[in-house]
Amino acid sequence: MPPTRLLILGSTGSIGTQTLEVVAHLNALHAGGLFHTAFEVVGLAAGRGAALLREQAGRFGVKHLALSEANGNSPSGAIVGPDAAERLVREVECDIVLASIVGSAGLPATLAAVELGRVVALANKETLVAAGALVVPAAHKSGAKLLPVDSEHAAVWQCLQASPGNGPVVPALKEAPAGVKKVTLTASGGPFRTWEKPRVQNATRAEALKHPTWSMGEKVTIDSASLMNKALEIIEAHWLFALPAEMIDAVVHPQSIAHAMVEFDDGSVVAQLAHPDMRGPIQQSLTFPHRVPSLVKPLDIADVATALQFEPPDRDKFPLLDLAGRVIRAQGTSGAILNGANEEAVYAFLRGEIRFGRIAELVIDALDAIAPSPLHALDEAQAADRLARAHVRESLRRAVVRA
Ligand code: MG
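Note that the structure is a prediction, hence the values are computed from the model and not measured. (Residues numbered from 1 in each chain as written. Predicted model: local features only at pLDDT ≥ 70, side-chain atom pairs only at ≥ 80, totals over all residues. Heavy atoms only, no water.)

## Looking at the domain arrangement of the protein chain
Heads up, the rule is: Source of the domain bounds: an automatic or database domain assignment. The contact definition used throughout considers only heavy atoms, calling two residues in contact when any of these lie within 4.5 Å. Buried area: the accessible surface (1.4 Å probe) lost by two parts on joining, summed over both. One side-chain nitrogen of Lys or Arg within 4 Å of one carboxyl oxygen of Asp or Glu is enough to make a salt bridge. Here a polar contact is recorded for every N or O atom pair within 3.5 Å, except that within protein the pair must consist of a potential hydrogen donor and a potential acceptor, and residues adjacent in sequence are included only if both atoms are side-chain atoms. Counting from the N terminus, the helices are DSSP H or I runs at least four residues long and the strands are E runs at least two residues long.
By the assigned domains, the protein chain splits into domain 1 (4-148), domain 2 (151-276 + 293-322) and domain 3 (331-397). Once you take the C-alpha centre of each, domain 1 and domain 2 turn out to be 25 Å apart. With 18 residues of domain 1 in contact, the opposing surface of domain 2 contributes 24 residues. Each partner contributes to the roughly 1800 Å² buried at the junction of domain 1 and domain 2, and carbon and sulfur atoms together form 72% of this total. Among the residues domain 1 hides against domain 2, the three largest losses belong to Lys125, His140 and Pro148. Together they make up 34% of the total. For Glu126, the salt bridge is made with Lys219, and the minimal N-O distance between the two is 3.1 Å. There are seven residue pairs in polar contact (both at pLDDT 80 or more) connecting domain 1 and domain 2. Counting only elements with at least two residues in the side of domain 1 that touches domain 2, the list comes to helix 1 (14-31), helix 5 (125-142) and strand 7 (145-148).

Printed below as a string of structure tokens:
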């Protein structure tokens, strides 16, 4: 049987590099007769990391490369420019696109993969937050699958298979699965879970980047510290599983062993447990509907069970969490506004320009100030994204002038 052709968007980031580890692992299983297909990496897209991109291409024998920011040392033959990833998706035949470009920058290439009817292993949650109203109908039209690589959604996806009367659950779903009462995503609570609110407001970059359980890229680590990540993930779950806001909840679980749980109408709650390791969800998206040994450390339940805690999130300390329901109900461009404002605020915080508490203030202010409009096309989502970013930058500029 021919190998499964994989194209990776964001190959030099945290998810991209771990995906290549998983590919090497699965190819070793295949060589040993333990998995039915090998994976051929047919394309890699990166942002700036030309040296690592070249090294990855050499290691996996990849011919088709894309680099969004040229800096003089791009690999020869690579597509270069802001639309390089999208062009790569449109020009290179493949079976699976793993979409892990961070932020709304990943939207055009991901939407292109969906329109082409590829299996999309989706690690870029911002795509659904900013443009779920475009991406999900496009997937239904083309037949593209949207297999979640986000750990909580990979968990929900697995839990939903526990009601086999529904048949195999393959997102994005067209309607809410029958028999499901509630879906709960877990949140680690981030590094500020036990801090008093005033201390959180003034937290530094280094403090916010100290995630207690997951090792991830900077953007998602800051979002985890503010619980914005969970707001984004509730919106993501709404689009993947066709669930209304009222059916999706979040619970703080500091150990990050249970990733999500699904409550069924008969009162059973099915949860998915594993050590926090993104190589698990990545592999599940690549091997679905099969399960084979992975690189994730086996879970010894007797070892962890006495320490599993669950508590309600502190919505006063983390006001961004409540924006998920607001955005799901508002629809239109509200998700693009939320995401654009958050990205701009997070990068200002990472540059040391604002204190931690300002992120939430800036995002809420943008959402209050900009009225959402209907969303029918990609350029409308991108215009809302730009408007939100400009609003945040203007707020920052005014604050500098006042100071
Ligand atoms: Mg997640």
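## What about the packing of helix 14 (residues 334-350) against helix 16 (residues 378-402)?
Using the following cut-off: Lines fitted to C-alpha atoms define the axes here, with helix axes fitted over just the stretch in contact, and angles between the N-to-C directions of these axes take values from 0 to 180 degrees. Throughout, the term roughly parallel applies to angles under 35 degrees, roughly antiparallel to angles over 145, roughly perpendicular to angles from 65 to 115, and oblique to all others. Should the near helix be turned counterclockwise from the far one by less than a right angle, the crossing is left-handed, whereas a clockwise turn marks it as right-handed. When residues are grouped by polarity, Ala, Val, Leu, Ile, Met, Phe, Trp, Tyr, Cys and Pro land in nonpolar, Asp, Glu, Lys and Arg in charged, and all others, Gly among them, in polar.
At their nearest, the axes of helix 14 and helix 16 sit 7 Å apart, and the two run at 40° to each other. In terms of orientation, helix 14 lies oblique with respect to helix 16. Handedness of the crossing formed by helix 14 with helix 16: right-handed. Between helix 14, through Ala336, Ile337, Asn339, Gly340, Ala341, Glu343, Glu344, Ala345 and Ala348, and helix 16, the contact on the second element is made entirely by Ala381, Ala384, Asp385, Ala388, Arg389, Val392, Arg393 and Leu396. Of the residues assigned to the contact of helix 14 with helix 16, the class counts are ten nonpolar, two polar and five charged.

## Observations concerning the coordination of the magnesium ion
Threshold: Donor atoms (N, O, S) are those found within 2.8 Å of the metal centre, with the cutoff raised to 3.2 Å for Na, K and Ca; water is not part of the atom list, so apparent gaps in a site can occur. Think of it in three bands: residues with accessible area under 20% of the maximum for their type are buried, residues over 50% are exposed, and the middle band is partly exposed, with areas taken using a 1.4 Å probe on protein chains only.
Looking at the magnesium ion, the protein donor atoms are Asp150 (OD), Glu152 (OE) and Glu233 (OE), and they sit 2.1 Å from it. Counting along the primary sequence, the residues that act as donors to the magnesium ion give the motif D-x1-E-x80-E. Among the residues examined, Glu152 registers a relative accessible area of 7% and is labelled buried.

## Observations concerning the sheet that holds strand 1 (residues 4-9)
As a reminder, the rule being used: At least two bridges found by DSSP between two strands are what make those strands a pair.
Spatially, the seven strands line up as an open sheet ordered 4-3-2-1-5-6-7, and their pairing is parallel. The sheet terminates laterally at strand 4 (79-80) and strand 7, the two strands that pair on one side only. Relative to strand 7, strand 6 (residues 119-122) is paired through four bridges, and the arrangement is parallel. Of the residues in strand 7, the one forming a bridge with Val120 is Leu146.

## Looking at the side chain of Ser224
For Ser224, the location among the structural elements is in helix 9 (residues 218-226). Residue classification places Ser224 among the buried positions, given a relative accessible area of 9%. For Ser224, the contacting residues outside a window of four places in its chain are Gly190, His211, Met216 and Asn229.

## Comments concerning the pairing of strand 8 (residues 180-187)
Within strand 8, six of the eight residues are buried, leaving the element largely enclosed by the surrounding structure. As judged from the five bridges shared by strand 8 and strand 10 (residues 258-264), these two strands associate in the antiparallel manner. Residue Lys182 lies in a different strand from strand 10, and its bridge partner there is Glu263. As paired elements, strand 8 and strand 9 (residues 248-252) share five bridges and run parallel to each other. Bridge assignment links Leu185 to a residue of strand 9, and that residue is Ala250.

## Observations regarding helix 1
Because an α-helix completes one turn every 3.6 residues, residues spaced three or four positions apart along the sequence face the same direction. This is how the line gets drawn: The span expected for a helix works out to 1.5 Å for each residue beyond the first.
Helix length check: helix 1 (18 residues) gives 26 Å between terminal C-alpha atoms against 26 Å at 1.5 Å per residue, within 8%. Along helix 1, the residues that are buried comprise Ile15, Gly16, Gln18, Thr19, Leu20, Val22, Val23, His25, Leu26 and Leu29. Tucked into the core, helix 1 has its buried residues touching strand 1, strand 2 (39-46), helix 2 (50-60), strand 5 (96-99) and helix 11 (279-287). Just downstream of helix 1, Gly33 is the residue with a positive phi angle, here 75°.

## Description of the nonpolar core
What counts is decided by this rule: Working definition of a nonpolar core: buried Ala, Val, Leu, Ile, Met, Phe, Trp, Tyr and Cys residues. They are joined through side-chain atoms within 4.5 Å.
Core analysis: the largest hydrophobic core is formed by 133 residues, its most contacted members being Leu9, Leu146, Leu338, Phe356 and Ile359. Not counting residues up to four positions away in its chain, the partners in contact with Leu338 are Val129, Met228, Leu232, Ile235, Leu323, Val327, Val363 and Leu367.

## Section: unusual backbone geometry
With an omega dihedral of 5°, the bond running from Pro171 to Ala172 counts as a cis peptide bond. On the secondary structure map, Ala172 appears in the loop between helix 6 (151-160) and strand 8. Residue Pro289 is reached from Phe288 by a cis peptide bond, and omega for that bond is 5°. Tracing the chain through its elements places Pro289 in the loop between helix 11 and helix 12 (301-304). Although it is not a glycine, Leu227 adopts a positive phi angle of roughly 65°. As for its placement among the helices and strands, Leu227 is situated in the loop between helix 9 and helix 10 (228-241). In the Ramachandran plot, Gln331 falls in the positive-phi region, its phi being about 55° despite a non-glycine side chain. Secondary-structure assignment places Gln331 in the loop between helix 13 (323-330) and helix 14. Looking at Gln331, the relative accessible area reads 30%, which means it is partly exposed.

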